[in-house]
Amino acid sequence: MTLTLASVTPPVFLAAQRGNIDLLVFAFMSLGLVLVAFTHRYSGAVALAIATTLKLFPIGSGLALLLDKEKRTKVLTLFILLSAFGVALSISDLRYISEKTPQLDGASFGSALLPFLFESHTSTGLSATAFKILGWVAFLLVWFAMQFIASRGSAPAHVVTLLCSELRSNRASSALFLGSSGAFLVAYLVGPSFDYRLIFLIPAIGALAALQSRAALWLSVVLLLQLVLSYSNFIGAIQYLSDLMLLVLAPLLGVMCLRLIRSPHK
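Residues numbered from 1 in each chain as written. Predicted model: local features only at pLDDT ≥ 70, side-chain atom pairs only at ≥ 80, totals over all residues. Heavy atoms only, no water.

**A closer look at the pattern of salt bridges**
For the structure shown, the criterion picks out four salt bridges. Put simply, Lys55 and Asp22 hold a salt bridge, and the shortest N to O gap is 2.6 Å. Residue Lys55 is located in the loop between helix H4 (41–54) and helix H5 (72–90), and its partner Asp22 is located in helix H3 (residues 22–37); the two are separated by 33 residues in the primary sequence. Residue classification places Lys55 among the partly exposed positions, given a relative accessible area of 21%. The class of Asp22 is buried, set by a relative accessible area of 1%. Across the pair Arg171 and Asp68 runs a salt bridge, and its minimum N-O distance is 2.4 Å. Here the residue Arg171 occupies a position in helix H10 (residues 171–190), and Asp68 occupies one in the loop between H4 and H5, the gap between them amounting to 103 residues. Look at Arg171 and you get buried, because its relative accessible area is 18%. Several salt bridges converge on common partners, so that one network encompasses Asp22, Lys55 and Arg197. (Salt bridge = Lys/Arg side-chain N within 4 Å of Asp/Glu carboxyl O. Helix = DSSP H or I, 4+ residues; strand = E, 2+ residues; numbered from the N terminus. Buried < 20%, exposed > 50% of the residue type's maximum accessible area, 1.4 Å probe, protein only.)

What follows is the structure in structure tokens.
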């Protein structure tokens, strides 16, 4: 049901309307994650490397290759080498691609978005690089705060522990969650990104919805809500709520990914 709802959210319609290469990237990423989930690690690494070659931000999907303790070094090396080779083939065209890529002129998401919005109302004169740095700092501060809370054994920490334990017990969900969250986090941190790239969260939503606990279900619903709230042409000024939500959700996904990687499957 959750995946069905995710498939009719604004980012999905926007991606279909644009019909650009991100749909192909999403297909290769999804294929790679499914292959990894069913222990076809090397073929999965190849598919994920193709996705990374087509658009750099899916490099985060490589987190799924750290799911297993067995052969993780060899598989990750294959992924890195193939990705580097693919990017090298197009590196001479990157400047041309950058010049021809349309600039953001509407709703988007990303760690730098709130600083950009602040600039539009105050005219501080700061550069785009400064806004990105501010976004990264905000992300890291919240991430470290969550890590500190987790170390204190509080109620929120128990919820995160429960979620990670459930994911660890379900190999398919673990692979989908790690790869999907990783790709999304890279797109978020290098952004602002276009709204349609939120479709890369859909495998993570499905992974959480497949688990049994209420905590997993609620997190999948919150991520689904993020897709609905992302597009300002659809919900107006409420879109800013999604930007605030991501200040918490993005670091939370990062904390969960780190925990899963530090305790790999044997």
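**Description of the packing of aromatic side chains**
One pass over the structure, following the stated rule, counts five aromatic pairs. Geometrically, the ring pair formed by Phe26 and Phe200 is edge-to-face, given 5.5 Å between the ring centres and 80° between the ring planes. Of this pair, Phe26 sits in helix H3 while Phe200 sits in the loop between strand E2 (193–194) and helix H11 (202–209), and the two are 174 residues apart along the sequence. Judged on exposure class, the residue Phe26 and its partner Phe200 are both buried. By the ring-pair criterion, three or more aromatic residues cluster together here, those being Phe26, Phe57 and Phe200. (Phe/Tyr/Trp six-rings, centres within 6.5 Å; stacked < 30°, edge-to-face > 60°.)

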